[in-house]
Amino acid sequence: MLNSKIPSGPLEQKWVDYKGHCKLVNPANKRKMEVIVVGTGLAGASAAASLGELGYKVKAFCFQDSPRRAHSIAAQGGINAAKNYQNDGDSVFRLFYDTIKGGDYRARESNVHRLAEVSVNIIDQCVAQGVPFARDYGGLLNNRSFGGTQVKRTFYAAGQTGQQLLIGAYQALERQVALGNVKMYSRHEMLEIVMIDGKARGVICRDLVSGELERHFGHAVLLCTGGYGNVFYLSTNAMGSNVTAAWKAHKQGAYFGNPCFTQIHPTCIPVSGDHQSKLTLMSESLRNDGRIWVPKQKGDTRKANDIPEEERDYYLERRYPAFGNLVPRDVASRAAKERCDAGYGVGTTKQAVYLDFKYNLINKYGKAEANKHGIENPDEETLKRLGKEVVKEEYGNLFDMYEKITGENPYEVPMRIYPAVHYTMGGLWVDYELQTTVKGLYALGEANFSDHGANRLGASALMQGLADGYFVIPYTIGNYLADEIAVKPIATDHPAFVEAEKNVAARIEKLMSIKGNQTVESFHKRLGKIMWEKCGMARNEQGLKEAIAEIQQLKKEFWSDVKIPGDIKEMNSELDKAGRVADFIELGELMCLDALNRNESCGGHFREESQTEEGEAKRDDANFAYVSAWEFKGEHNWELHKEELVFEVAKPSQRSYK
């Protein structure tokens, strides 16, 4: 039976009451407790730094050569917080409600309200660390708009917010490393959870440089390993992002929550050919100052600047007048796909729409700057020049990146964008304390399912990662460890460690012994094609059944014909990748099974059989207002457990952004 451990009492008091009544570990006992943190992005670095500061003995593992290479660094647009500095009506409740509604009423109210509460503390924490958030002329912190909201609550540092926040968390982590409270293990990949008496008591890791396997004990294990979007092969994720740590936990008894909830980001640089191995994101913040459109004429081959204003269809503004270009990501993505499928797409592939900045360059920024300079009746060129200077300050690195990739200057011509896989709302099921169904095993940040429901609002990923690491886990882990203080560190020659390492070694040897003819990359590409076509932006029963059969066949082929060069006891990136792709294949099957089971549309999960007359997602609250929590039962076999979602405050209604 799933126990989400949601505290009783009014929603706005749950977290306050929890903190006032949870068990504590005194400072002397903290020094005896060992905690393993796997992954050192925003969630992992902030958690390791916070727990080290509290006095726990922390071991932190990352598969990169430095925590500064975590994929968190790629986040561009900003981080949400209910500070209401703009005085435009924001509040903790408003952020809570926007997040619940944006997730299409498939998130747990208590977790989301806690997230909104601690969001205000995150900004203070990061400013104190020296994160260079953008400021207005008077020196106050600035905000910009993001999708799914009608207030400005997104704090940002140009188009590199993730990088600046990660450096802040990294500095906090390195301080603890220098003090000896955290021991850092770089170039290490976790390949197994060690279970003793039903509790997570350690991990088996592979040194990615030497190829050696290592055993590490911990009173508790925290997985902060990000999302699994690379199951689609082409995504905005870093090439190394994978599901292996979470998948090993899943096979040891941790339930997987809502695996089919995948976010497609609407503003990515379109695919240009078969040679690509990843896609590049253009921040959602660009929708704040750009207007999305397609030609009104099907198959229009004219250049964008040659199409007059009256022949442009600003379709988001037309369909959703209240939110316009700032509708949530799932809505914007499906709308772009619909226009392209209907024959209005642009570019050589016709799988793109325009994101145009000219209007705001001139009218929003240019005219404001002209007024500041006392320029009367400026011509269009002057307005463009003045506006460009402002936009360069806010988004310059994004515009430069776009030009380097496409060879087109977005100050002069509209960007071409198209939806791409970006984020995974699903992840390991966790309770209110962020603990999985395995005692002593926690999942933080994108690795868990907890805060975003069926669709994540922009600028909420950084918020959740730092909330979990800085402000949630320091309290909740103590509630578990308080009962573990009598447990002495377990020697790594314990039979459970020996058996776990033996199983890891056997799997690696099996992979290397296949000596087939097909590359790991080719299998990953084929899996990605199946997933994108049949479990991507739109899904249907027939396609999902076909996908499951195709993935099962792909798995057989992989384990009989994959080719991995090199040796085990050396740096071998192909071997590393092979293990990850093998896990992706199994995950892909579960994602399709979950999507098939959820016979409704909600957020990023769009079943073609379940849509309104206007083509919007049609939820079925009577039958599917629950979290899917899947238990692994063996090859091709899972059991579904349901966590019923109870909405006491944000009553479910048909989402409308019109």
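Residues numbered from 1 in each chain as written. Predicted model: local features only at pLDDT ≥ 70, side-chain atom pairs only at ≥ 80, totals over all residues. Heavy atoms only, no water.

Colleague: Describe helix α6 (residues 161-179), and please don't skip the residues or the numbers.
Modeller: With 19 residues, α6 extends 28 Å from end C-alpha to end C-alpha; this agrees with the ideal 27 Å at 1.5 Å per step. Where α6 is concerned, the buried positions are Thr 161, Gly 162, Gln 164, Leu 165, Leu 166, Gly 168, Ala 169, Tyr 170, Ala 172, Leu 173 and Gln 176. Structurally, α6 contributes buried residues whose contacts are with α3 (42-54), β3 (79-80), α5 (109-129), β4 (154-155), β5 (182-185) and α13 (461-481). Gly 180 sits one or two positions beyond α6 and adopts a positive phi of about 90°. (Helix = DSSP H or I, 4+ residues; strand = E, 2+ residues; numbered from the N terminus. Expected span 1.5 Å × (residues − 1). Buried < 20%, exposed > 50% of the residue type's maximum accessible area, 1.4 Å probe, protein only. Contact = heavy atoms within 4.5 Å.)

Colleague: So what's going on with the pattern of salt bridges? Which residues, and what values?
Modeller: Here the structure, examined in full by the defined rule, presents 58 salt bridges. We note a salt bridge from Glu 643 to Arg 108, for which the minimum N-O separation is 2.8 Å. Of this pair, Glu 643 sits in strand β21 (residues 637-644) while Arg 108 sits in the loop between α4 (92-102) and α5, and the two are 535 residues apart along the sequence. Each member of the pair, Glu 643 as well as Arg 108, is classed as buried. Across the pair Arg 302 and Asp 300 runs a salt bridge whose closest N-O atoms are separated by 2.8 Å. Using a relative accessible area of 6% as the deciding quantity, one classes Asp 300 as buried. It is possible to trace a salt-bridge network through shared partners that takes in Asp 104, Arg 106, Asp 330, Arg 334, Arg 598, Glu 600, Arg 619, Asp 621 and Arg 655. (Salt bridge = Lys/Arg side-chain N within 4 Å of Asp/Glu carboxyl O.)

Colleague: Can you explain the sheet that holds strand β17 (residues 441-443)? Please cite residues and give values.
Modeller: Taken in spatial order, the 5 strands of this open sheet run β5-β2-β1-β9-β17, and their pairing is parallel. For this open sheet the edge positions go to β5 and β17, each flanked by a neighbour on one side alone. For this sheet, the mean inter-axis angle between neighbouring strands, taken without regard to orientation, is 20°. Sheet topology places strand β9 (residues 220-223) next to β17; 3 bridges connect them, and they run parallel. Bridging from a neighbouring strand, Leu 222 pairs with Tyr 442 of β17. α3 contacts β1 (34-38), β2 (57-61), β5 and β9 of the sheet and is inclined by roughly 165° relative to β2. (Pairing = 2+ DSSP bridges. Axes fitted to C-alpha atoms, helices over the stretch in contact; angles between N-to-C directions.)

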